[in-house]
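Here is what each chain is made of, one letter per residue.
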Amino acid sequence: MAKTIKRTEQTEVSEAQIAVHWKEEAYYQPSEKFKAQANMRDPRIFEKFGLDKFPDCFKEYADMLTWFEPYHTVLDTSEAPFWKWFVGGKINASYNCVDRHLAKYGSKAAFIFVPEPEAERDVVITYQELYDRVNEVAAMLRGSGLRAGDRVTFHMPMVPELPITMLACARLGIIHSQVFGGFSGQACGSRIQDSGSRVLITMDSYWRNGTLVDHKANADIAVRTAKELGQDVDKVLVWQRYPGTYSGKTPMVPGRDFFVNDLLKEYEGQEVEPVALPSEAPLFLMYSSGTTGKPKGAQHGIAGYLSYVTATSKWILDIHPDDVYWCMADIGWITGHSYIVYGPLANAATSVLYEGVPTFPDAGRPWRIAERLGVNIFHTAPTAIRMLRKLGPQEPRKYKYHFKSMTTVGEPIEPEAWRWYYDEVGKKEAVITDTWWMTETGGFLGTTVPAIHAMKPGSCGPAAPGIHPVIYDETGAEIAKGSGKAGNICIRHPWPGIMQTIWGDHDRYIKTYYGKYNRNPRSKDWRDWPFLCGDGAVQAADGYYRILGRIDDVINVAGHRLGTKEIESACLTVPEVAEAAVVPVQDEVKGRVPEVYIAVKPGVQPSQEVIDRVIKANEEVIGKIARPKHVYIVPDMPKTRSGKIMRRVLAAISNRRDVGDVTTLANPDVVEQIRIMVQGKDRVTTHDALPEDIAKFGQAE
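Residues numbered from 1 in each chain as written. Predicted model: local features only at pLDDT ≥ 70, side-chain atom pairs only at ≥ 80, totals over all residues. Heavy atoms only, no water.

This brings us to the side chain of threonine 501. Within the secondary structure, threonine 501 sits in strand 24 (residues 501-502). When its relative accessible area of 3% is taken as the criterion, threonine 501 is described as buried. Only 2.8 Å separates the side chain of threonine 501 from the side chain of histidine 506, close enough to count as a polar contact. Look past the residues within four positions of threonine 501 in its chain and what remains in contact with it is Phe82, Gly297, Ala298, Gln299, His506 and Tyr509. (Helix = DSSP H or I, 4+ residues; strand = E, 2+ residues; numbered from the N terminus. Buried < 20%, exposed > 50% of the residue type's maximum accessible area, 1.4 Å probe, protein only. Polar contact = N/O pair within 3.5 Å; in protein donor to acceptor, adjacent residues only side chain to side chain. Contact = heavy atoms within 4.5 Å.)

What follows is the structure, encoded as structure tokens:
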């Protein structure tokens, strides 16, 4: 382990920058054993993917795919910033994920489905079985009149039928749009309308926290919502969680609703030739999870996206065909599209697909699954890591699994949580890749290459091969690495995984991602179009990036812009604290001040002593400027079904505003408990409009 890097504290900060008080952490080195077996261990890869080699360096990514017709142009910038990758080629994502593996890996497991009820047996789906099922579903979709370019919306849980249906759409060139299963029927309906889907594919039920959820009810709401918005749905195709049995409580609508299991009987054994599609044809839409405004559909194209997730699955996740890989994300998010379905399958992976929540029936469940199935690559979000640490800090010690590598995704992970992940979950053996990216980017942007770089808690690492970030201040001036100053992180150039546009809204695409730093709106030169990622960041002298959270989730305290992740990280240095959430509160003197909500570990009693230590930790780690106005110890954080803390709800409570609709939360009852704790029993909300920065807080799309 290398020495800790010294950091020069920045005491003065302009409005354009985010204050950085985070201390640099020590390095952790990958083991020689891991390095010896890694897919990518040549440090010269970064020379091969230097900016001077752009864009031709990405031919290496395209070479990982099987093409029906070769491409003639690596990157077409003629309609900047609507980038076209590998132009002229013909390709099919389904073929690359399934067909091409049959000769060598036909009898190998593609997916191992683990139902939430532990009494139910695993379902192993080999590549040959996956091929058969994808073909039958593709034949059914074709028989329903669907063709390349049509859009189909899915509202499905974590079951094998979801990737099977995605791949069947990809086989025909149908553009799929999967809505996270935990979203409401209304949210699904608005996405149906935006995409212009005439077919909704759903499931009657699924297991969640020991309950068989009636999911079909959401389909009726979704269809009604879409119709109110002007989009008719002709067909609702319903998968059955238990084939032959309808587990929903709402009646099927004659002429509109059909059981997929019944329809498939007509197409048994049928094969469908994969359609040779243009490289830049759309593969799928992935809608943002923003709680306000119109849904924003990130459109991803076939060849660029598939090549990018294939290469990063191989080099960053280090997936080999003989590994057992488990990404504990949901396919309803981009992580699941890129690193459960398309990237791993293109690499002939064996992936675990788990239906339920990781803490059911207890916090040992993930480690039992890992031990039983021989999982050696584990991929999850900091949210899940913090939850598992809170509920079962020593659970991993009870099980005899061994991970070679572990990944975090979705938000920055605090050093305290990182160290637990490394020490307890990884047993000090596994490497960790702390990845930074987003829906719009398709795949990893900031990450260590695990056999090449040392790990550093709290930092995602340098950029992935072929990615060249830059940090700008508000004026567009570049912030130098090692300066201790933060700003807005951008990518200097396009890359194959980047979104093609926002579905149906080219102007919003340009304004959101390029408007701030574009140098010339008429330019066809990629150098004039840096991509604004929407996150604040600082780059250390060693080149590693630390992501400070969404630009909108910065608290401006007396002219100092404090990153919320930094404050939450300071709270987690107090051993009793399991989770922390920070929100801005209006203050007459300082403008905004932070308020902190914490949940303590099991067995810890809430006390003033814990509160005092949280306050002290913020003053010591960051400074007096970060002293919270209040610290509340709450029974639980308000969370979405995917485990994300709803800071928007906490900000509304702190600022005496109505919390809005919380019925879709995983634990809506806790909101009223917190409200009484903060506001008292009598409701004291005000109807005044919130300042824009607080109104936007926690709602970044």
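Here we take up the pairing of strand 15 (residues 282-287). With respect to burial, strand 15 is a largely interior element, five of its six residues being buried. In this structure, strand 8 (residues 175-180) lies alongside strand 15, joined through two bridges in parallel fashion. Within strand 15, the position partnered with serine 177 by the bridge is leucine 285. (Pairing = 2+ DSSP bridges.)

Attention now goes to the packing of aromatic side chains. What the rule picks out here adds up to 44 aromatic pairs. Summarising the aromatic geometry, the rings of tryptophan 437 and phenylalanine 444 are spaced 5.6 Å apart at their centres and angled 85 degrees between planes, so their arrangement reads as edge-to-face. The exposure class of phenylalanine 444 is buried, given its relative accessible area of 0%. Counting every residue linked through ring pairs, the aromatic cluster contains Phe49, Phe54, Phe58, Tyr61, Trp67, Tyr71, Trp85, Phe86, Tyr308, Trp315 and Trp526. The ring of tyrosine 105 has lysine 108 lying over it, and the distance from NZ or CZ to the ring centre is 5.8 Å. Taking the ring centre of tyrosine 401 as reference, the NZ or CZ of lysine 427 above it sits at 3.9 Å. (Phe/Tyr/Trp six-rings, centres within 6.5 Å; stacked < 30°, edge-to-face > 60°. Lys NZ or Arg CZ within 6 Å of the ring centre and 35° of its normal.)

The strand order 6-5-18-17-19-20-21 describes an open sheet built from seven strands, whose pairing is mixed. Across the chains shown, the open sheet's two edge strands, defined by having one partner strand only, are strand 6 (123-126) and strand 21 (431-434). The average undirected angle you get between the axes of adjacent strands in this sheet is 20 degrees. (Axes fitted to C-alpha atoms, helices over the stretch in contact; angles between N-to-C directions.)

Summarising the model, the protein chain shows a mean pLDDT of 91, and 95% of its residues fall at 70 or more. Across residues 1-16 the pLDDT falls below 50, and counting only partners more than four positions away or on other chains, this stretch makes 37 contacts in the model. (pLDDT = per-residue confidence, 0-100.)

Turning next to the nonpolar core. Counting residues in each nonpolar core, the largest one holds 121 residues, and the members touching the most others are Phe58, Trp83, Leu141 and Tyr342. Setting aside its immediate chain neighbours within four residues, phenylalanine 58 contacts Phe49, Trp85, Phe86, Tyr308, Pro465, Gly466, Trp495 and Pro496. (Core = buried A, V, L, I, M, F, W, Y, C linked by side-chain atoms within 4.5 Å.)

Most peptide bonds adopt trans geometry, and most residues besides glycine take a negative phi value. Cis geometry is adopted by the peptide bond preceding proline 55, which originates at phenylalanine 54 and carries an omega value of 0 degrees. When you line up the elements, proline 55 lands in the loop between helix 2 (45-48) and helix 3 (59-62). Put simply, phenylalanine 360 and proline 361 share a cis peptide bond, and its omega is -5 degrees. Inspection of the secondary structure assignment puts proline 361 in the loop between strand 18 (350-354) and helix 13 (365-373). A positive phi is found at phenylalanine 86, a non-glycine position, where the angle reads about 55 degrees. Tracing the backbone shows phenylalanine 86 in strand 3 (residues 84-87). Within the chain, alanine 348 stands out as a residue other than glycine whose phi angle is a positive 60 degrees. Along the chain, the position of alanine 348 falls in the loop between helix 12 (334-346) and strand 18.

Before going further, it helps to spend a moment on helix 17 (residues 564-571). The buried fraction of helix 17 is high, at eight of eight residues. Looking at helix 17, one finds that the buried residues are Thr564, Lys565, Glu566, Ile567, Glu568, Ser569, Ala570 and Cys571.

Attention now moves to the environment of tyrosine 127. Take tyrosine 127: it is sitting in helix 6 (residues 127-143). Note on tyrosine 127: relative accessible area 0%, which makes it buried. Sequence separation between tyrosine 127 and arginine 191 is 64 residues, and the spatial gap between their C-alpha atoms is 32 Å.

Bringing the pairing of strand 19 (residues 377-380) into the picture now. Judged by which residues are buried, strand 19 turns out to be covered on both faces: Ile377 and His379 on one side and Phe378 and Thr380 on the other are all buried. The pairing of strand 17 (residues 324-327) with strand 19 spans three bridges and is parallel. Bridge assignment links tyrosine 325 to a residue of strand 19, and that residue is isoleucine 377. Where strand 19 and strand 20 (residues 405-408) come together, four bridges link them in parallel fashion. Its bridge partner being in strand 20, isoleucine 377 is matched across the sheet by serine 405. Following the backbone out of strand 19, through helix 14 (residues 382-391) and into the adjacent parallel strand 20, one traces a crossover that is right-handed. (Right-handed = clockwise from strand over helix to strand, strands pointing away.)

This part covers helix 9 (residues 216-228). Here helix 9 contains 13 residues, and its C-alpha end-to-end distance of 19 Å stays within 8% of the 18 Å for a straight helix at 1.5 Å per residue. Buried within helix 9 we find Lys216, Asn218, Ala219, Asp220, Ala222, Val223, Thr225 and Ala226. Looking at the buried side of helix 9, the elements it contacts are strand 7 (151-156), helix 8 (185-195), strand 9 (199-203), strand 11 (211-214), strand 12 (235-239) and strand 13 (257-259). Immediately beyond the C-terminal end of helix 9, within one or two residues, lies glycine 230, with a positive phi of roughly 105 degrees. (Expected span 1.5 Å × (residues − 1).)

Glancing now at the sheet that holds strand 26 (residues 545-550). Read from one edge of the open sheet, four strands run 22-23-25-26, paired in antiparallel fashion. Unpaired on one side and paired on the other, strand 22 (469-472) and strand 26 mark the two borders of the sheet. Strand-to-strand twist in this sheet, taken as the mean axis angle between neighbours without regard to direction, amounts to 45 degrees.

A few words now on the pattern of salt bridges. Under the definition given, this model contains 46 salt bridges. Ionic pairing is found between aspartate 99 and arginine 171, a salt bridge with its closest N-O pair at 2.6 Å. Of this pair, aspartate 99 sits in the loop between helix 4 (93-97) and helix 5 (102-105) while arginine 171 sits in helix 7 (residues 161-172); the two residues are 72 residues apart in sequence, bridging distant segments of the chain. With relative accessibility at 14%, the residue aspartate 99 sits in the buried group. Under the relative-accessibility criterion, arginine 171 is labelled buried at 1%. Taking the shortest distance from any N to any O, the salt bridge between arginine 613 and glutamate 609 comes out at 3.7 Å. (Salt bridge = Lys/Arg side-chain N within 4 Å of Asp/Glu carboxyl O.)

Among the secondary structure elements, asparagine 347 is positioned in the loop between helix 12 and strand 18. Look past the residues within four positions of asparagine 347 in its chain and what remains in contact with it is His101, Thr310, Ser313, Lys314, Ile319 and Pro321.

A word on the environment of lysine 33. Inspection of the secondary structure assignment puts lysine 33 in helix 1 (residues 32-37). For lysine 33, a relative accessible area of 72% translates into the label exposed. For the pair formed by lysine 33 and alanine 451, sequence separation is 418 residues and the distance between their alpha carbons is 9.7 Å.

Right, let's get into the packing of helix 14 against helix 15 (residues 415-425). Packed helix pairs are characterised by how far apart their axes lie and by the angle those axes make with each other. Axis separation between helix 14 and helix 15 bottoms out at 10 Å; the angle between their running directions is 70 degrees. The angle between the axes of helix 14 and helix 15 places the two elements in the roughly perpendicular class. Only Glu416, Ala417, Trp420 and Tyr421 of helix 15 make contact with helix 14, whose side of the interface consists of Ile385, Arg386, Leu388 and Arg389. Of the residues belonging to the contact of helix 14 with helix 15, the class tally is five nonpolar, no polar and three charged. (Parallel < 35°, antiparallel > 145°, perpendicular 65-115°, else oblique. Nonpolar A, V, L, I, M, F, W, Y, C, P; charged D, E, K, R; others polar.)

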